[in-house]
Amino acid sequence: MKRKFVISIFLILICIFSISTLLYAKEIKITAENLNVRTGPGTNYETIGQVQPEDVYPVLEENGEWVQIQLDEDVTGWVHKLYTSSVTNEKNEKTTDVNQQIIAKEPKKHQSFSPLHLQGKTIVIDPGHGGRDVGAIGVRGRYESEYTLRTAQLLKQNLEQHGAIVYLTREDDRYLPLVSRVSLSNQLATDVFISIHYNSTPELPEVTGVGTFYYNDRDKELASFVQEGIINQTNMNNREIRQADLQVLRTNHQHGLLLELGFISNESEEKNIQKQVVQKAFARGIVEGLQKFFLNAPR
Ligand SMILES: [Zn+2]
């Protein structure tokens, strides 16, 4: 009886030991795009970067629905299990010879962990027009000032998810002179100022497309990154990137762009702009461009 008990304890211990070695050797593959990596097991923890589909990372620890992964030699982070799949580790089964294991170089895994380049960056978003200045008027009588506010709010949300500190020049439908829009940007010594607009040419209703405008030569690259991001995410007509003498950019001491996110004088483009998926794609595209800008910017 006693002997049987000792044997079963021994077997249980062997089981625990093999399970823990299994856990240690475990790897996961990322299955979601731009998956947030956090400092702890929960959405209340800070986001430190993003990983991409097909990336494979060693698992260090598990906690409920979350796994801690080794991102880099000295960087670890947590991702939600829902957006990962487990990887069977063939390598460990094959290498039985200890010496061989030491000599064998680990194959380079597919890893594209990108730290958040927007973390702590101050961005001022300027929803064009507002109040008595309605801006352009769409095919069905809707105002540019409505559209710009909606885009700005979605962009703010997205940027904040990436760790940026975001200010809007106006939060509701009110008139705001151009001077006030710029002075907020200058006061805050913002990293990037973005004025959001929609275009209109009622005399040429067939005209469509996205345009990005900059004033200073130093913002040419920023303009092309952001335009590229928007076109990439929306598939809209890539109309133009142009240097333009616009007051909100000229009097601004910070990096700045003015975006014309399509023509509301074109019936189908206006319809498209009204869609939430397109609005979200604008935000993603702008964020994509800004990430690239900060990645390339000298620190
Ligand atoms: Zn406008």
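Structure: see above.
Predicted model only: the values in this text are computed from it and were never measured.

Colleague: What exactly am I supposed to notice about the nonpolar core here?
Modeller: Within soluble globular proteins, side chains that are nonpolar tend to cluster in buried spots. If you look at the biggest cluster of nonpolar residues, it comprises 37 residues, and the most contacted ones within it are I123, I125, L159, I196, L259, I286 and L290. Counting residues per element, the ones that place at least two in this core are β9 (122-127), α4 (144-161), β10 (165-168), β11 (192-199), β12 (210-214), α6 (220-234), β14 (255-263) and α9 (276-296). In terms of residues, this core owes the most to one element, α9, which gives eight residues. For L259, the residues in contact, after removing those within four places along its chain, are I194, S195, I196, H197, G211, T212, V226, I230 and I286. By size, the runner-up hydrophobic cluster in this structure holds 12 residues, among which are I28, L35, I69 and L71.

Colleague: What is the right way to look at the packing of α4 against α9 in this model?
Modeller: A pair of packed helices can be characterised by two numbers: the angle between their axes and the separation between those axes. Packing of α4 against α9 leaves a shortest axis separation of 9 Å and a crossing angle of 50 degrees. When the axis of α4 is compared with that of α9, the two are oblique. Here the hand of the crossing between α4 and α9 comes out right-handed. Contacts between α4 and α9 pair R150, T151, L154, L155, N158 and L159 from the former with Q276, Q279, K280, F282, A283, R284, I286, V287 and L290 from the latter. Counted by class, the contact of α4 with α9 contains eight nonpolar, four polar and three charged residues.

Colleague: Please clarify how the pattern of salt bridges should be interpreted in this entry.
Modeller: If the charged atoms of two oppositely charged side chains come close together, the side chains can form a pair. Enumeration over the complete set of coordinates arrives at 13 salt bridges. K29 is paired through a salt bridge with E54; the nearest N and O atoms lie 3.5 Å apart. Here K29 is found in strand β1 (residues 27-30), whereas its partner E54 is found in the loop between β3 (47-51) and β4 (56-63), with 25 residues between them in sequence. Residue classification places E54 among the partly exposed positions, given a relative accessible area of 47%. The partner of E240 in a salt bridge is R242, with the nearest N and O atoms 2.8 Å apart. Note on E240: relative accessible area 19%, which makes it buried. A relative accessible area of 41% means that R242 is categorised as partly exposed. In this structure, a network of salt bridges that share partners links the residues K26, E62 and K81.

Conventions adopted
- Residues numbered from 1 in each chain as written.
- Predicted model: local features only at pLDDT ≥ 70, side-chain atom pairs only at ≥ 80, totals over all residues.
- Heavy atoms only, no water.
- Core = buried A, V, L, I, M, F, W, Y, C linked by side-chain atoms within 4.5 Å.
- Buried < 20%, exposed > 50% of the residue type's maximum accessible area, 1.4 Å probe, protein only.
- Helix = DSSP H or I, 4+ residues; strand = E, 2+ residues; numbered from the N terminus.
- Contact = heavy atoms within 4.5 Å.
- Axes fitted to C-alpha atoms, helices over the stretch in contact; angles between N-to-C directions.
- Parallel < 35°, antiparallel > 145°, perpendicular 65-115°, else oblique.
- Left-handed = near helix turned anticlockwise from the far one by under 90°.
- Nonpolar A, V, L, I, M, F, W, Y, C, P; charged D, E, K, R; others polar.
- Salt bridge = Lys/Arg side-chain N within 4 Å of Asp/Glu carboxyl O.

Any link to function would need more than the numbers given here.
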